[in-house]
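Residue-level structure breakdown
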Amino acid sequence: MSMLTPKEIVAELDKYIIGQNDAKRKVAIALRDRWRRQQLAEDLRDEVAPKNIIMIGPTGVGKTEIARRLSKLAEAPFIKVEASKFTEVGYVGRDCESMIRELTESAVTMVRTEMEREVQHKAEANAENRLLDILLPPQRQQTPHAWRPNDPGAGDEGQALSQQEPDAEERTREVIRKKLQSGELDDREVEVETKDSGMPSMMQVFSNSGLEEMGVNFQEMLGKLMPQRRQARRTRVSEARRLLEQEELQNLIDMEVVARRAVQRTEDTGIVFLDEIDKIAGRGGSKSGPDVSREGVQRDILPIVEGSNVTTKYGTVRTDHILFIAAGAFHMAKVSDLIPELQGRFPIRVELENLGADDFIRILREPRNSLVRQYQGMLETEGVTLEFTDDAVEAIARMCQRVNSETENIGARRLHTIMENLLEDISYEATDKAGSHVRIDGDEAERRLKGILEDQELSKYIL
Ligand SMILES: Nc1ncnc2c1ncn2[C@@H]1O[C@H](COP(=O)(O)OP(=O)(O)OP(=O)(O)O)[C@@H](O)[C@H]1O
Ligand SMILES: [Mg+2]
């Protein structure tokens, strides 16, 4: 569970997202509230409902980006889904409850990874012992003269010997163990037998279809019906070690415990990010077609947000305390176009601000994954160093601002198109120019984009 304080969460988000302080604060509080609720006495804990949030803002200002970064910080089951992907129950498509199944799935992965970490050492030790058994079968003696498979007496002789000298066998085993550990034997070929994990592909097709949606673990059901097959294969020691470790891990982890903990964690700390919620806004009334079905989706989402039981293949999940963060551009629709009951379930609203030239400068420069750094990194793989002067960055930001205001405002997304056009020639020729240094200053940036910028019609299509 996240132990980060709201300020720490905002500081983390600041590394990637420029501005939008209000939104950052609100999501930070919501995230911290999950932890606070966990600290409460049980009777009070049940009373505290999560404060669901709607983030409203034009396109390309960082809504989805905030969600993506938050998911990395949350240390809680987290999924991002597009509201527009869902369909009303009874129609072809994804039903709304599947978001909770997906959330539970992410909790299972999380819990399993944690538990695997706990038993990793044990699994490694077991795998090593199994490898030793393969390299040095225990019932046979390792001394060369004692092991003659063609000699009918050889087996017995081996056994007798090893009984006589258990120490010798043990010593050899330790020698081999050392060699194994040092990686000296990694390239040696061995034959290992592992569980055949690959389901016949037909089964996989089945299990990915509708049954999954109903929360039935078809694959597991079939897996239990079918005899466990074991498969022997020849591989290198290093690969065999990996296979055996995997299998030992599986043996050491009780999937029922994983499922139980995962369900618990989903219920207590799960977060669903419902993106593009404006796409399902719209109230039916007398209108036809899509609006009616959008309203249907809203009605299906309602009980999930409000708190209901959803059947998953890991057990029933209560959604009462799952946090929902919704986001949408809401240009065409307004929040008030959502059905009132749903509006009521999202008590916190936050508007994200439009981005201007100053923000673009910072977006180009500051984030760890900024476009400037991305392009520099990409060209460096070709041996080309790319330099942007300060006035180049300013010029790009200004152009971005200008095109946004003259054509359509797509926020920071415009930076991507502008940068791509700006660097097209350099990118195309980079391979032939290894070792060169490319410097882009303000004039150069403007010169390269001039042709496109001057022609408004053209820039509408290209940038
Ligand atoms: N405030 C910001 N700080 C840094 N980068 C940003 C910011 N806003 C947007 N970006 C960049 O712009 C791109 C688009 O942003 P994002 O996906 O968050 O848009 P959005 O608000 O979800 O828009 P939409 O409503 O169209 O989904 C991202 O790749 C991100 O890098
Ligand atoms: Mg988005």
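For the structure itself, consult the block above.
Residues numbered from 1 in each chain as written. Chains lettered and ligands numbered in written order. Predicted model: local features only at pLDDT ≥ 70, side-chain atom pairs only at ≥ 80, totals over all residues.

**With respect to the overall build of the protein**
Stated precisely, the cut-off is as follows: Only DSSP runs of H or I reaching four residues or more are called helices, and only runs of E reaching two or more are called strands; each is numbered from the N terminus. Here a residue counts as buried when 20 or more other C-beta atoms fall within 10 Å of its C-beta, as exposed when 12 or fewer do, and as partly exposed in between; the C-beta atoms come from the backbone.
Along its length, the protein carries 21 helices and 11 strands. Relative to its 463 residues, the protein shows a buried fraction of 30%.

**Quick notes on the packing of helix H1 (residues 6-14) against helix H2 (residues 21-39)**
This is how the line gets drawn: Note on definitions: angles span 0 to 180 degrees between N-to-C directions of axes, and those axes are lines fitted to C-alpha atoms, for helices only across the stretch in contact. Any angle that falls under 35 degrees is termed roughly parallel, while one over 145 is termed roughly antiparallel, one within 65 to 115 roughly perpendicular, and all others oblique. The sense of a crossing depends on the near helix, which, turned anticlockwise from the far helix by less than a right angle, makes the crossing left-handed and, turned clockwise, makes it right-handed. Here the contact rule is simple: place C-beta atoms from the backbone, and any two residues whose C-beta atoms are within 7 Å are in contact. Note on residue classes: Ala, Val, Leu, Ile, Met, Phe, Trp, Tyr, Cys and Pro are nonpolar, Asp, Glu, Lys and Arg are charged, and everything else, Gly too, is polar.
Relative orientation of the contacting elements H1 and H2 amounts to 130°, with a least axis distance of 8 Å. The orientation of H1 with respect to H2, classified from their angle, is oblique. Read as a crossing pair, H1 and H2 show a hand that is right-handed. Every residue of H2 that contacts H1 at Pro-6, Ile-9, Val-10 and Leu-13 is listed here: Lys-24, Arg-25, Ala-28, Ile-29, Leu-31 and Arg-32. Looking at the contact of H1 with H2 residue by residue, the class counts come to 7 nonpolar, no polar and 3 charged.

**Overview of the site of ligand 1**
To be explicit about the condition: A residue counts as near a molecule or strand when its C-beta atom, positioned from the backbone, falls within 6 Å of it. Where each domain starts and ends comes from a domain assignment, either automatic or drawn from a database.
The local shell around ligand 1 holds 18 residues, among which Thr-59, Gly-62, Thr-64, Glu-65 and Ala-412 are the closest. When residues of the shell around ligand 1 are assigned to their parent elements, the largest contribution, 3 residues, is made by helix H4 (residues 63-74). By residue class, the composition of the shell around ligand 1 is 7 nonpolar, 8 polar and 3 charged. Counting residues domain by domain, the shell around ligand 1 receives three or more from each of domain 1 (6-106 + 261-351) and domain 3 (357-451).

**Quick look at helix H15 (residues 357-365)**
Asp-359, Phe-360, Ile-361, Ile-363 and Leu-364 are the residues of H15 that are buried. Close packing links the buried residues of H15 with helix H16 (371-380), helix H17 (390-406) and helix H18 (413-422).

**Points about the packing of helix H5 (residues 98-135) against helix H11 (residues 237-252)**
Across the interface, H5 lies against H11 with an axial gap of 8 Å and an inter-helix angle of 130°. The orientation of H5 with respect to H11, classified from their angle, is oblique. In this structure, the crossing between H5 and H11 has a hand that is right-handed. Contact with H5, carried on its side by Glu-116, Val-119, Lys-122, Ala-123, Glu-124, Asn-126, Ala-127, Arg-130 and Leu-131, involves Val-237, Ala-240, Arg-241, Leu-244, Glu-245, Glu-248, Leu-249 and Leu-252 of H11 and no other residues of that element.

**Re the sheet that holds strand E1 (residues 53-56)**
Selection criterion: Only strands that DSSP links by at least two bridges are regarded as paired with each other.
In space, the 5 strands of this open sheet follow the order E2-E5-E8-E1-E9, with parallel pairing throughout. Two strands lie at the open edges of the sheet, namely strand E2 (78-82) and strand E9 (348-351), each paired on one side alone. When the angles between neighbouring strand axes are averaged without regard to direction, this sheet yields 20°. Where E2 meets strand E5 (residues 271-275), 5 bridges bridge the pair, whose relative direction is parallel. Considered in E5, the bridge of Phe-78 is made with Ile-271. Each of E2 and E5 is contacted by H5, which is oriented at about 150° to E2, the strand it contacts most.

**Let's talk about the environment of Glu-75**
Tracing the chain through its elements places Glu-75 in the loop between H4 and E2. With 71 residues separating them in the primary sequence, Glu-75 and Leu-4 have C-alpha atoms 9.9 Å apart.

**Here we look at the environment of Asp-337**
Among the structural elements, Asp-337 can be located in the loop between strand E8 (323-328) and helix H14 (340-344). The class for Asp-337 is partly exposed, based on 18 C-beta atoms found within 10 Å. For the pair Asp-337 and Glu-295, spaced 42 residues apart in the sequence, the C-alpha separation amounts to 9.9 Å.

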